[in-house]
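Read off the chains here:
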Amino acid sequence: MYKPAARTITFLSFLLFITGSSFSAVESPFEVGTWANFCQGAVSHTFDDNTAGQTGTAQPMFDAKGFHMTLFTVTGSMNPNWAKMKTAFAKGHEIASHSVTHAQTMPDAECPTSQATIRQQVPGEPCITIAYPNCNVPNPQNELKRCYIAGRICNGQIEKKTPSDFYRIGAIMGGSAGTNSASGFNSKANEAASSGGWLVWCHHGVGNDGHGYSNTATDALQGNIDFLDQNRNKIWTETFGNVARYIKERDAVSLTVKSSDNQSITVSVTDNLPDSIYNYPLTFRRPLPDGWTKAVVTQNATPVEDTIVTVNGKQYVMFQAVPDSGDVLLSSGATSAGKRYGNNSAGTPVRIALSGNVLTIAGIPASSGPVAVCLFNLNGAMLAEYQLSGKTPQNRFPLDDITASACIVRITAGGISYSQRIVTGSSD
Ligand SMILES: [Zn+2]
């Protein structure tokens, strides 16, 4: 009635894992975006020195568009307003370090101290990036490199798509000591897009907040935020920390196709970076498979952001996935809607039921031919595969080797797939 099929062990991905720290392997025809949503360039607006206008004037502009800013915070002076930092963090903004004392050149020892203070004052914020006071990089850099994944200087340059030194990320000065007009901000954003790079702005005071150094004009900032909102398909706006995460994940990620049929594709998305920090979604795409009119994408059985895009006249399914967060399942529209088998929409409804350790599948007409049954755990890993080759797929079989408490059953017959979550040990 059934026979266990061969298991596929992905030795390849294991070998990739052990051979190098910066090896990227995304299996064709999948691609990973250089920037999120396959934008051409990235922009981060960062703000130093805890000034009142940053949360009072600038943040509402970012919030109105759903953009995120980075607040490089001095933890031991300059009166950080922790209540406002917590509110900003809750809206997705990054609270990061700008040293403890704002010394001319910060001591390396202030790296863990400022991080610990931010973690304590803003629960949930890991504080993984830093901007050096006066743009002077500490020396030595032992604590710096232990505590942070990236550090900002201010060299007036747009960064490359992969910085040559993550502890010297370039930035351009915004405000009265640098660029302070919407047209100036916007033309640099266009330059980042045309060069495929990462533009980081270093701001201080905002509006007339009394900071006294290089205040950024409110209307100039608003004009740039409006421009970035109108150019979301071209320019990606995110925090300094999230862009740094994205770059490192993008350069380390492996994407491997684990299984596919004409209605679904299962891929693993992994990297070798610490998951506690590198948890930001990457954007992938692949051509929409032949015969698919739409796609539904899940990771770890949870829907992810996905969309169909047309590039040079060709349709792609574009989706987001976090490395090491479970397999990604791409399904044709027929899979999600196709709860009926047969030659037309009036076909018999399919029913999958579990009683004890016996799985029963009803509603598949014999004319559908052989029935493939796959069981996945909730991380998308295949547990078992069966081929029902009998003439009458009445489909009762024991789940002898399934110990998971819940799994996804996918049945494929007659060119149609249907998936359903079941809980083992239940009576139905
Ligand atoms: Zn400063």
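Residues numbered from 1 in each chain as written. Predicted model: local features only at pLDDT ≥ 70, side-chain atom pairs only at ≥ 80, totals over all residues. Heavy atoms only, no water.

(A) Region of the structure containing the sheet that holds strand E14 (residues 282–287). Strand order across the open sheet formed by four strands is E3-E14-E18-E17, with antiparallel pairing between neighbours. Across the chains shown, the open sheet's two edge strands, defined by having one partner strand only, are strand E3 (31–32) and strand E17 (306–311). Pairing geometry for E14 and strand E18 (residues 314–321), over six bridges, is antiparallel. The residue of E18 that forms the bridge with Arg-286 is Val-317. Most of the contacts of helix H8 (residues 240–252) go to E14, to which it runs at about 45°, and overall it touches E3 and E14. (Pairing = 2+ DSSP bridges. Helix = DSSP H or I, 4+ residues; strand = E, 2+ residues; numbered from the N terminus. Contact = heavy atoms within 4.5 Å. Axes fitted to C-alpha atoms, helices over the stretch in contact; angles between N-to-C directions.)

(B) Summary view of the coordination of the zinc ion. Coordination sphere of the zinc ion, protein contribution only: Asp-49 (OD), His-98 (NE2) and His-102 (NE2), at 2.1 to 2.2 Å. With a relative accessible area of 7%, Asp-49 lands in the buried category. (Donors = N, O, S within 2.8 Å, 3.2 Å for Na, K, Ca; no water. Buried < 20%, exposed > 50% of the residue type's maximum accessible area, 1.4 Å probe, protein only.)

(C) Quick look at the side chain of Thr-239. The topology assignment puts Thr-239 in the loop between strand E11 (235–237) and H8. The residues touching Thr-239, leaving out its near neighbours within four places in the chain, are Ser-44, His-68, Met-69, Thr-70, Gly-92, His-93 and Glu-94.

(D) The arrangement of the pattern of salt bridges in detail. For the structure shown, the criterion picks out 10 salt bridges. Here the residues in one salt-bridge network are Lys-65, Asp-226, Asp-229 and Arg-232, joined through shared partners. (Salt bridge = Lys/Arg side-chain N within 4 Å of Asp/Glu carboxyl O.)

(E) Just the packing of aromatic side chains, in detail. If you walk through the whole model with that rule in mind, you get nine aromatic pairs. With a centroid separation of 6.3 Å and 85° between ring planes, the pair formed by Phe-30 and Phe-319 is classed as edge-to-face. On the criterion of sequence distance, the pair formed by Phe-30 in the loop between strand E2 (25–26) and E3 and Phe-319 in strand E18 is long-range, its members being 289 residues apart. Phe-30 sits in the buried class, given a relative accessible area of 5%. Aromatic pair Trp-236 and Tyr-280: ring centres 6.1 Å apart, planes at 45°, arrangement tilted. Pair noted here: Trp-236 is in strand E11 and Tyr-280 is in the loop between strand E13 (264–270) and E14, with a separation of 44 residues, a long-range link. The class of Trp-236 is buried, set by a relative accessible area of 6%. Owing to a relative accessible area of 16%, Tyr-280 belongs among the buried residues under this scheme. Taken together, the ring pairs connect Trp-35, Trp-236, Tyr-246 and Tyr-280 into an aromatic cluster. (Phe/Tyr/Trp six-rings, centres within 6.5 Å; stacked < 30°, edge-to-face > 60°.)

(F) Broad picture of the confidence of the model for the protein. Considering every residue of the protein, the mean pLDDT works out to 84; 80% of them sit at 70 or more. pLDDT under 50 marks residues 334–346. Its contacts with residues more than four places away, or in other chains, come to 32 contacts. (pLDDT = per-residue confidence, 0-100.)

(G) How the structure looks around the sheet that holds strand E12 (residues 254–260). Spatially, the six strands line up as an open sheet ordered E2-E12-E13-E19-E15-E16, and their pairing is mixed. Looking along the sheet, the strands with just one partner apiece sit at the ends: E2 and strand E16 (302–303). In terms of strand pairing, E2 meets E12 through two bridges, oriented parallel. The partner of Ala-25 across the bridge, within E12, is Ser-254.

(H) Region of the structure containing the nonpolar core. Grouped together as the largest cluster of nonpolar side chains are 46 residues, with contacts concentrated most on Trp-198, Trp-236, Phe-284, Phe-319 and Leu-330. When contributions to this core are tallied by element, the ones reaching two or more residues are strand E10 (198–203), H8, E13, E14, strand E15 (295–299), E18 and strand E19 (328–332). A domain split of this core shows at least three residues from each of domain 1 (11–34 + 255–334) and domain 2 (37–246). Grouped together as the second largest cluster of nonpolar side chains are 40 residues, Phe-47, Leu-71, Val-206 and Ile-225 included. (Core = buried A, V, L, I, M, F, W, Y, C linked by side-chain atoms within 4.5 Å. Domains from an automatic or database assignment.)

(I) Geometry of the pairing of strand E6 (residues 94–97). Of the two faces of E6, the one carrying Glu-94 and Ala-96 and the one carrying Ile-95 and Ser-97 are both buried. Bridge analysis of strand E5 (residues 70–73) against E6 gives four bridges, and the strand direction is parallel. Among the inter-strand pairings, Thr-73 is bridged to a residue of E6, identified as Ser-97. On the question of chirality, the crossover connecting E5 to the parallel E6 by way of helix H3 (residues 82–90) is right-handed. (Right-handed = clockwise from strand over helix to strand, strands pointing away.)

(J) Seen up close, H8. Relative to the 18 Å expected for 13 residues at 1.5 Å per residue, H8 spans 19 Å between its end C-alpha atoms, a close match to the ideal helical length. Among the 13 residues that make up H8, 12 are buried, leaving the element largely enclosed by the rest of the structure. Turning to H8, its buried residues are Phe-240, Gly-241, Asn-242, Val-243, Ala-244, Arg-245, Tyr-246, Ile-247, Lys-248, Glu-249, Arg-250 and Ala-252. (Expected span 1.5 Å × (residues − 1).)

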